[in-house]
Amino acid sequence: MTLLVMGAVNRDITARLPEFPQPGETLLATASQTATGGKSANQAVAAALVGAEAQLIARCGSDAAGAEAVNALREAGVHVDAVAPGRGAQGMAFITVRADGENTIVVVPGANAELQAQDCPEALLDQADWILLSLEVPLDTVLEVAARARAAGTRVALNASPLSEQTLDLRHVDLVIVNEGEADHLLADAGAAHRHSQDPTPEDPTGALGIETLIVTRGAAGASIHEAGLEPVHVPSVQVQAVDTSGAGDAFAGALLGRLTCGDSLKTAATIASRFAAATTTRLGAQASYPRDFTMATDS
């Protein structure tokens, strides 16, 4: 079966800096890189690299950058038949990476803002086990596709990032992937008990959000799995010397859904995804850092 990934494709322009600039400050970068990115494009590549049949649904730019992005995705093993050129230019992400690997990202949506629910054909939904959505495209598109997927019997995963002030309707979502700050935001917005501690989630975060499964990524601390009616499960990360965390969250989400589509259990898929994401932080860039020789072996 197939994993559908629907959302954004960008051109990433990354600058490495000793420190993030302060307002009004000009700094000289130590290096720069230009590559294909975008949350959904990154996720589709990660899924393909861990063995899944990954089909991306997106709007690329009508310019040379859009054509380059499609070629890069195809070369990474992603099916791009449902990636259509938009009217506007390729979406752009401007990324700064600090010496310790932390990053800041500013996104200009470009053609991504044109993505509509009807860009997802019914035939693809009928063939898919899962669809993975994220929030770099219009929210109305995400919510409508989630409802259509649920009606078609396709399971829906949402990487709820980047979050806005709008309340998310999760009625048609089975699995949510967020980092700690995003989990805190979602649960506070849902009226759940809000605790400022190492675990920002309440005893039953899935009940608070009305979903089956919540996965919270915790950087070097790994991830936690929260399933309705079950005790939380901790998934450890692999200790690495991080040089660039750009795209690591996308790597986790794509690898997780890729392995779920391949039939792995949630714990096994999350363990593989955690290892895959850790490996990406040891190299520069997002998609460019994703390992092409990754092995799925796990003791879980």
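Residues numbered from 1 in each chain as written. Predicted model: local features only at pLDDT ≥ 70, side-chain atom pairs only at ≥ 80, totals over all residues. Heavy atoms only, no water.

### Concerning empty space enclosed by the protein
Stage number 1. Tallied over the entire structure, the rule returns 3 cavities of 30 Å³ or more.
Stage number 2. Space inside the largest cavity adds up to approximately 50 Å³.
Stage number 3. Contributing to the lining of the largest cavity are Asp12, Thr14, Gln33, Thr34, Ala35, Ile95, Ser246, Gly285 and Ala286.
Stage number 4. Within the residue set of the lining of the largest cavity, elements represented by two or more residues are strand 2 (10–16) and strand 3 (31–37). (1 Å grid on protein atoms, 1.4 Å probe; cavity = no way out; pocket = protein on both sides within 12 Å on 5 of 7 lines; lining within 4 Å. Points joined across faces, edges and corners; volume = space filled by probe spheres on them. Helix = DSSP H or I, 4+ residues; strand = E, 2+ residues; numbered from the N terminus.)

### Observations concerning the layout of surface pockets
Stage number 1. Taken as a whole, the largest pocket encloses approximately 1100 Å³ of empty space.
Stage number 2. Every residue lining the largest pocket is counted, 45 residues in all, and those nearest its centre are Asn103, Thr245, Gly247, Ala248 and Gly249.
Stage number 3. When residues of the lining of the largest pocket are traced back to their parent elements, those giving at least two are strand 2, helix 1 (39–49), strand 6 (91–97), strand 7 (103–108), strand 10 (175–179), helix 5 (180–189), helix 7 (248–261) and helix 8 (266–280).
Stage number 4. In terms of residue class, the lining of the largest pocket is built from 17 nonpolar, 20 polar and 8 charged. (Nonpolar A, V, L, I, M, F, W, Y, C, P; charged D, E, K, R; others polar.)

### A word on the nonpolar core
Stage number 1. Counting residues in hydrophobic clusters, the biggest one holds 48 residues, and the most contacted among them are Leu56, Leu175, Phe252, Leu256, Leu257 and Phe276.
Stage number 2. In this structure, Ala8, Cys120, Leu139 and Leu209 belong to the second largest nonpolar core, which totals 35 residues. (Core = buried A, V, L, I, M, F, W, Y, C linked by side-chain atoms within 4.5 Å. Buried < 20%, exposed > 50% of the residue type's maximum accessible area, 1.4 Å probe, protein only.)

### Examining the pattern of salt bridges
Stage number 1. In total, this model carries 13 salt bridges according to the counting rule given.
Stage number 2. A salt bridge links Asp100 to Arg98; the shortest N-O distance between them is 2.9 Å.
Stage number 3. Judged by relative accessible area, which is 44%, Asp100 ranks as partly exposed.
Stage number 4. The partner of Arg150 in a salt bridge is Asp174, and the shortest N-O contact between them spans 3.2 Å. (Salt bridge = Lys/Arg side-chain N within 4 Å of Asp/Glu carboxyl O.)

### Describing the sheet that holds strand 2
Stage number 1. Read from one edge to the other, the open sheet built from 4 strands follows the order 3-2-6-7, with strand pairing classed as mixed. Looking at which strands have only one partner, the edges of the open sheet turn out to be strand 3 and strand 7. With strand direction ignored, the average angle separating the axes of adjacent strands in the sheet is 20°.
Stage number 2. As judged from the 7 bridges shared by strand 2 and strand 3, these two strands associate in the antiparallel manner. Among the inter-strand pairings, Ile13 is bridged to a residue of strand 3, identified as Thr34. (Pairing = 2+ DSSP bridges. Axes fitted to C-alpha atoms, helices over the stretch in contact; angles between N-to-C directions.)

### A closer look at unusual backbone geometry
Stage number 1. A cis amide bond links Ser161 with the next residue in sequence, Pro162, at an omega value of -5°.
Stage number 2. The residue Pro162 is located in the loop between strand 9 (155–159) and strand 10 in this model.

### A few points about the pairing of strand 2
Stage number 1. Side chains Asn10, Asp12, Thr14 and Arg16 of strand 2 all project onto a buried face; the interleaved residues Arg11, Ile13 and Ala15 project onto a face where none is buried.
Stage number 2. In terms of strand pairing, strand 2 meets strand 6 through 7 bridges, oriented parallel. Residue pairing in the sheet places Thr14 in a bridge with Ile95 of strand 6.

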